[in-house]
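# Structural overview for review
Letter by letter, the chains look like this.
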Amino acid sequence: YLVTVCTTWKSREFQHSYDGVIYMVCASLGFAIMENILYVASGGIGTGILRAFTAIPLHCTVGVIMGALYAKGREAAYAGDRGMGIYRAGIYSWLI
């Protein structure tokens, strides 16, 4: 999350709300791949197959939610509504 925010917050390519969703889904799936490699290395191929049907969809779903909230927070910050963006980010952090 932190790497994605640091590299995309001021990016000129970040022009639409769905850009945030795409960035966060890519970040969460990249994390899931690394996590699954470590789990398969320690737990075997059965663990990898189980996680392919459970962890991958979960990471993708969470990435969509994170991306939507990230895009809304960024839009609010650039619209001058900093208080609401900080409030949303705080609520999101509290929920997780």
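Residues numbered from 1 in each chain as written. Predicted model: local features only at pLDDT ≥ 70, side-chain atom pairs only at ≥ 80, totals over all residues. Heavy atoms only, no water.

On to the overall build of the chain. Looking only at helices and strands, the chain has four helices and zero strands in total. Sequence-ordered secondary structure for the chain, helices as α and strands as β, is α-α-α-α. Residue burial in the chain is summarised as follows: out of 96 residues, 28% are buried. Considering only intrachain contacts with a sequence separation of at least 6, the fraction spanning at least 24 residues in the chain is 63%. About 6600 Å² of surface is accessible on the chain, with carbon and sulfur atoms providing 71% of the total. (Helix = DSSP H or I, 4+ residues; strand = E, 2+ residues; numbered from the N terminus. Buried < 20%, exposed > 50% of the residue type's maximum accessible area, 1.4 Å probe, protein only. Contact = heavy atoms within 4.5 Å. Areas by Shrake-Rupley, 256 points an atom, 1.4 Å probe, with all protein chains shown as cover.)

Here the focus is the packing of aromatic side chains. Across all of its chains, the model carries three aromatic pairs by this definition. Ring centres of Trp9 and Tyr70 lie 5.7 Å apart, and the angle between their planes is 45°; this geometry places the pair in the tilted category. In this pair, Trp9 is assigned in the loop between α1 (2-8) and α2 (17-43) and Tyr70 in helix α3 (residues 45-78), connecting sequence segments 61 residues apart. Taking relative accessible area as the criterion, Trp9 reaches 25% and is therefore assigned partly exposed. Note on Phe14 and Tyr70: the rings are 5.5 Å apart at their centroids and 70° apart in plane angle, and the pair reads as edge-to-face. (Phe/Tyr/Trp six-rings, centres within 6.5 Å; stacked < 30°, edge-to-face > 60°.)

Okay, a nonpolar patch on the surface next. Judged by side-chain polarity, Ile33, Met34 and Ile37 come together as a nonpolar surface patch covering roughly 310 Å² of accessible area. Residue position: Met34 is located in helix α2. (Patch = residues over 30% accessible without salt bridge, like charges linked within 9 Å, V, L, I, M, F, W, Y side chains within 5 Å. Salt bridge = Lys/Arg side-chain N within 4 Å of Asp/Glu carboxyl O.)

For the rest of this paragraph, the subject is the nonpolar core. In terms of nonpolar packing, the biggest core is built from six residues, these being Val5, Phe14, Met24, Met66, Tyr70 and Ala71. Examining the composition of this core, we find that three residues originate from one element, α3, more than from any other. Not counting chain neighbours up to four residues away, the residues in contact with Ala71 comprise Phe14, Ser17 and Gly20. (Core = buried A, V, L, I, M, F, W, Y, C linked by side-chain atoms within 4.5 Å.)

Scanning the model with the defined rule gives one salt bridge in all. The partner of Arg51 in a salt bridge is Glu35, and the shortest N-O contact between them spans 2.9 Å. Highlighted residues: Arg51 in helix α3 and Glu35 in helix α2, separated in sequence by 16 residues. Accessibility expressed as a relative area gives 15% for Arg51, which makes it buried.

Moving on, we come to the environment of Leu2. Secondary-structure assignment places Leu2 in helix α1. C-alpha separation for the pair Leu2 and Ala27, spaced 25 residues apart in sequence, amounts to 9.8 Å.

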